[in-house]
Amino acid sequence: EAWKWAMMGAELDDSLCVTGIGHMCKWGDTFDGYRKEDCVKLYKRAVYLWESQGDAGVELYKIYSEGLYGEPVDMAKAVAYLKPAVEEEHVEACYHYGFLLSDEDSEYCNEFQAAKYLNIAAEGGKAEFEANNNSILFDGIGLNKFGEAFTVTSPVMANLESSIVDLATLAKGAWTGNWLG
């Protein structure tokens with residue numbers, strides 16, 4: 001029944017319905033001759049219909065960054081699909097972008113921007129995003145509420161791997177820190 005309703009919405013160019021059909025294809029819940037691989041063209045259509053369609057942009061990022069569904073790995077294309085959702089502060093998009101920016105082996109590496117986007121993800125209420133912030137912060141790098149860099153000198157940093165602390169708490173100055181700037 002969900003497929004039928006989503007298809008009716010897709011015929012009206014509703015990007016959320018198109019994304020929903022893409023999800024159903026990805027999960028293997030297909031009808032009307034659709035296949036799993038069709039999720040790629042559906043996500044592209046959803047992004048075309050609404051440039052910042054976050055869920056579709058995130059899925060296309062995963063597809064092109066990992067080379068899924070027969071698509072080649074193409075990081076430039078992956079990031080191009082992700083960025084509009086990041087600009088709209090889509091929580092999962094910010095997580096993936098922040099994680100990409102935190103990768104020292106990536107041409108996109110920018111630790112301070114990584115902290116900014118992982119903070120947005122953490123503030124979105126996603127515990128897994130908060131946990132990943134800890135590994136970024138373990139080196140003591142972060143941003144204050146003005147976007148200025150700081151290093152954290154709190155004794156709690158020694159136990160950071162085992163606790164969940166989000167950047168929002170740090171950025172609001174709840175911990176003592178050696179603020180730069």
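Owing to the predicted nature of the structure, the values given are computational and were not obtained by experimental measurement. (Residues numbered from 1 in each chain as written. Predicted model: local features only at pLDDT ≥ 70, side-chain atom pairs only at ≥ 80, totals over all residues. Heavy atoms only, no water.)

What follows covers the packing of aromatic side chains. The tally for this structure, following the rule as stated, stands at five aromatic pairs. Among the aromatic residues, ring-to-ring pairing joins Trp 3, Phe 31 and Tyr 34 into one connected group. (Phe/Tyr/Trp six-rings, centres within 6.5 Å; stacked < 30°, edge-to-face > 60°.)

Residue-level pLDDT values for the protein average 75, and 67% of them are 70 or greater. Mean pLDDT values for the elements of the protein range from 37 in strand β3 (residues 177-179) up to 94 in helix α5 (residues 75-87). For the stretch residues 143-181, pLDDT sits under 50, and the model shows 72 contacts to residues farther than four places along the chain or on other chains. (pLDDT = per-residue confidence, 0-100. Helix = DSSP H or I, 4+ residues; strand = E, 2+ residues; numbered from the N terminus. Contact = heavy atoms within 4.5 Å.)

So, on to the environment of Arg 35. Inspection of the secondary structure assignment puts Arg 35 in the loop between α2 (15-27) and α3 (39-49). Under the relative-accessibility criterion, Arg 35 is labelled partly exposed at 48%. On a C-alpha basis, the gap between Arg 35 and Gly 22 in space is 9.8 Å, while along the polypeptide they are 13 residues apart. The residues touching Arg 35, leaving out its near neighbours within four places in the chain, are Cys 25 and Thr 30. (Buried < 20%, exposed > 50% of the residue type's maximum accessible area, 1.4 Å probe, protein only.)

With respect to the helices and strands, Glu 104 occurs in the loop between α6 (91-102) and α7 (111-123). Contacts of Glu 104, omitting those with residues within four sequence positions, involve Cys 109 and Glu 111.

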